[in-house]
Amino acid sequence: MNTNTVDAKMLGRMFLSGAKNLEAKKEWINELNVFPVPDGDTGTNMTLTIMSAASEVSALSDSSMKALAKAISSGSLRGARGNSGVILSQLLRGFTKVIEHYDTVDAVIFARAFEKGVETAYKAVMKPKEGTILTVARGAAEKALEIAGESDSLETFFTDVIAEAELVLSRTPDMLPVLKEAGVVDSGGQGLLEVLKGAFDGYMGKEIDLNFEKPKTAVSGKPVSAEESNIKFGYCTEFIIMLEKQFTEKDEHEFKEYLMSIGDSLVVVADDEIVKVHVHTNDPGEAIQRALTYGQLSNMKIDNMRLEHHEKVIKEAEKMAAQQAAAEPEKEVGFISVSVGAGMGEIFKELGADYLIEGGQTMNPSTEDVLQAIERVNAKNIFIFPNNKNIILAANQARDLTEDKNIIVIPTKTIPQGITALISYIPDKTVEQNTEEMMEAVGNVKTGQITYAVRDTKIDDKEIRQGDIMGIGDHGLLAVGTGIEDITVAALQEMTDEDSEIISVYYGQDVSEEDAEHLAERLEEQYPDFDIEIHNGGQPIYYYIVSVE
């Protein structure tokens, strides 16, 4: 290819090709997560974000640059999920603000568009951190501006820009020590590089399947009164185990027995190197955890069959609920909370949440998910509790897109922070007063999360082995070892100080009530002057979520 401009048709092809390449690499990008927890989701978040835009680009009947720019910007904006996805959407949004004014785009315009994308993305992040996707994007943009006028060949231009992005990405571990210690580059930067490489393949005419389907919503939301489906096992769970040790007939039999104890519709096909697994279960995390004892996982796919099989019923129910909400008198204040786990949902309901967005660490809600929740709550002022640092940007983006309601995002980073914020609400006080007091209350909450490691690594000078139990705090690793209860206690020892008064423990779906009560007894002996609270959170992935106030 040796042209010096591209039109809307070619640029659309490049965009779709970039999206396809990111999709193909998403699991690998997920594995670049610094913490070796079973929920690394940067690749997934970026893919779902760009796929939302890709589906709109694929459906375009208007071949103009302006229509293409709108499809990319709008689709990525509404589909954005997770910090990496929101930043990607802002990079694309800024990029399209420049290209929409032209019928064809050359190197100079591309360079200006890259620059605008970086400027827009940096503005969207309150405290930009170097060594991230932002740094890689800025490096590529600066190179583009430097060389834009040197050659008429876009092939040369793209090649040099991608090479610079790759170089900057390779340096991210020198900018963020946590990356160097974990032995990885920034996952968001890697995702952006894959988009650029895929777009270049599209420009060069590489044969690529550019058919897209609109991504399914990966999280669900519901008013607190919504009924549950009657399907016995709700999650269709599929994955491939890449075996790291011999998988004997006895192993296969025991693995099947275990999966049948937590689900049905089981298919397990094994050979010398891989095991293909399909099971319907209510606890995908349990199936995944057991599978990880045999090797690493790939091609993971979890579908909510209650949503898929009853999509029409759900849509009708949502429509009816929306009509009912519209018919009810408008409230002065409403509350939306992100929650995961039946027990956590019940706690938020009891505290007065009007709407729960089901999602969290394993699957971040998109901007569109938050917008739909806002639409469903008939209130002048709506407080939103993201309860995860990777959801705050999407919530802020939804706030900025809402014009008819006053949206206040309390930047809660954990479930306990969200619970404390909601408890702190006082009806007699103004929205502004409550916002201030919620923010102050959230700042007094320390959170720890207990889970297991999915790979060997080193963090904060602590050696971590696959299968180890980890206690992860607000600012890093608190403890690592082999016993769930012991690590929970060790994590709390790091979290408590002379000003601490309350310890709250939320036990997950993989912890029995008996084990949780035993932990409570141990904590009451160790902290006789503290108030110890135990709740059934029902959350996946994390055995315990604990907080100290």
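Residues numbered from 1 in each chain as written. Predicted model: local features only at pLDDT ≥ 70, side-chain atom pairs only at ≥ 80, totals over all residues. Heavy atoms only, no water.

Novice: Sorry, what's going on with the overall build of the chain here?
Specialist: Within the chain one finds 20 helices and 19 strands. Relative to its 549 residues, the chain shows a buried fraction of 55%. Long-range contacts, defined here as pairs at least 24 residues apart, represent 73% of the contacts in the chain between residues at least 6 apart. Taken as a whole, the chain presents about 25400 Å² of accessible surface, with 48% of it coming from carbon and sulfur. (Helix = DSSP H or I, 4+ residues; strand = E, 2+ residues; numbered from the N terminus. Buried < 20%, exposed > 50% of the residue type's maximum accessible area, 1.4 Å probe, protein only. Contact = heavy atoms within 4.5 Å. Areas by Shrake-Rupley, 256 points an atom, 1.4 Å probe, with all protein chains shown as cover.)

Novice: Looking at this structure, how should I read the sheet that holds strand β12 (residues 446-452)?
Specialist: As a general point, the strands of a sheet are linked pairwise by backbone hydrogen bonds and lie either parallel or antiparallel. One open sheet accounts for six strands, arranged β16-β15-β12-β19-β17-β18; its pairing is mixed. In this open sheet, the two edge strands, each paired with only one partner strand, are β16 (476-481) and β18 (531-536). Each neighbouring strand pair of the sheet contributes to a mean axis angle of 20°, computed without reference to strand direction. In this sheet, strand β19 (residues 544-548) lies alongside strand β17 (residues 502-507) in antiparallel orientation, the contact comprising five bridges. Across the sheet, Y507 pairs through a bridge with Y544, a residue of β19. (Pairing = 2+ DSSP bridges. Axes fitted to C-alpha atoms, helices over the stretch in contact; angles between N-to-C directions.)

Novice: Any chance you could explain the environment of T496 here in plain terms?
Specialist: Inspection of the secondary structure assignment puts T496 in the loop between α19 (484-495) and β17. For the pair formed by T496 and K446, sequence separation is 50 residues and the distance between their alpha carbons is 8.7 Å. In contact with T496, not counting residues within four places along its chain, are I503, Y527, F530 and V548.

Novice: What's the story with the packing of aromatic side chains in this structure? I'm lost.
Specialist: Each aromatic ring pair is specified by the distance between its two centres and by the angle formed by the two planes. Overall, the coordinates contain 16 aromatic pairs when judged by the stated rule. For the pair F110 and F158, a centre-to-centre distance of 5.2 Å together with 80° between the ring planes defines the contact as edge-to-face. With a gap of 48 residues between them, F110 in helix α5 (residues 107-124) and F158 in helix α7 (residues 154-175) connect regions that are remote in the sequence. You can call F110 buried: its relative accessible area is 2%. Note on F247 and Y294: the rings are 5.1 Å apart at their centroids and 90° apart in plane angle, and the pair reads as edge-to-face. A residue pair is termed long-range when its members are at least 10 positions apart, and F247 in the loop between β4 (235-243) and α10 (249-262) and Y294 in the loop between α11 (284-291) and β7 (295-304) qualify at 47 residues. Each of the two residues, F247 as well as Y294, counts as buried. Aromatic ring contacts, followed pair by pair, group F95, F110, F114, F157, F158, F200 and Y203 into a single cluster. R290 extends its terminal NZ or CZ atom over the ring of Y258, reaching a point 3.8 Å from the ring centre. (Phe/Tyr/Trp six-rings, centres within 6.5 Å; stacked < 30°, edge-to-face > 60°. Lys NZ or Arg CZ within 6 Å of the ring centre and 35° of its normal.)

Novice: Would you mind showing me how to read the nonpolar core here?
Specialist: Side chains of a nonpolar character, in soluble globular proteins, are inclined to be buried together. Judged by nonpolar contacts, the single largest core of 73 residues is most densely connected at V6, L11, F15, F110 and F157. In this structure, F157 is in contact with A107, F110, A111, F114, A144, I147 and A148, ignoring residues within four places of it in sequence. (Core = buried A, V, L, I, M, F, W, Y, C linked by side-chain atoms within 4.5 Å.)

Novice: Is there a simple way to think about empty space enclosed by the protein in this case?
Specialist: It is the rolling of a water-molecule-sized probe over the atoms that shows where space remains empty. All chains considered together, the criterion is met by one cavity of 30 Å³ or more. Taken together, 25 residues line the largest cavity, and the ones lying closest to its centre are L92, F95, F114, V195 and L196. Among the elements of the structure, α1 (8-30), α4 (82-99), α5, α6 (133-147), α7 and α9 (187-203) are those that each provide at least two residues to the lining of the largest cavity. Its residues assigned to classes, the lining of the largest cavity comprises 23 nonpolar, two polar and no charged. (1 Å grid on protein atoms, 1.4 Å probe; cavity = no way out; pocket = protein on both sides within 12 Å on 5 of 7 lines; lining within 4 Å. Points joined across faces, edges and corners; volume = space filled by probe spheres on them. Nonpolar A, V, L, I, M, F, W, Y, C, P; charged D, E, K, R; others polar.)

Novice: Whenever I open this one, the confidence of the model for the chain confuses me. Can you help?
Specialist: Interpreting fine coordinate detail is not advised for predicted regions of low pLDDT. In this model, the chain carries an average pLDDT of 86, and 88% of its residues clear a pLDDT of 70 or more. Ignoring residues within four places in sequence, the model shows residues 216-220, a span with pLDDT below 50, making 15 contacts including any to other chains. Counting contacts from residues 225-230, a segment whose pLDDT is below 50, to residues more than four positions away or on other chains yields three contacts. (pLDDT = per-residue confidence, 0-100.)

Novice: How should I be thinking about the environment of T451 in this particular structure?
Specialist: Locating T451 in the fold gives a position in strand β12. For T451, the side chain forms a polar contact with the main-chain oxygen of I541, separated by 3.0 Å. (Polar contact = N/O pair within 3.5 Å; in protein donor to acceptor, adjacent residues only side chain to side chain.)

Novice: Even after reading the chapter, I still don't get the pattern of salt bridges, so can you show me in this structure?
Specialist: Pairs can form between side chains of opposite charge once their charged atoms are near each other. Per the counting criterion, the structure on display carries 22 salt bridges. The network of salt bridges with common partners includes K116, E119 and K123. (Salt bridge = Lys/Arg side-chain N within 4 Å of Asp/Glu carboxyl O.)

Novice: Would you take a moment to explain α19 for this structure?
Specialist: Each α-helix winds once per 3.6 residues, and so residues spaced three or four apart point in a common direction. Taking 1.5 Å as the rise per residue, α19 with 12 residues should run 16 Å; its terminal C-alpha atoms sit 17 Å apart, in good agreement. Buried within α19 are the following residues: E485, I487, T488, V489, A491, L492 and M495. In this structure, the buried side of α19 is in contact with β12, β15 (469-473), β16, β17, α20 (513-526) and β19. (Expected span 1.5 Å × (residues − 1).)

Novice: It is not clear to me how unusual backbone geometry should be interpreted in this structure. Could you clarify?
Specialist: Most of the time, phi is negative for any residue but glycine, and the peptide bond is trans. The backbone of N387 sits at a positive phi, close to 60°, despite the residue not being glycine. Along the chain, the position of N387 falls in the loop between β10 (379-385) and α16 (392-401). The class of N387 is buried, set by a relative accessible area of 6%. Phi at I541 takes a positive value of approximately 70°, unusual for a residue other than glycine. As for its placement among the helices and strands, I541 is situated in the loop between β18 and β19.

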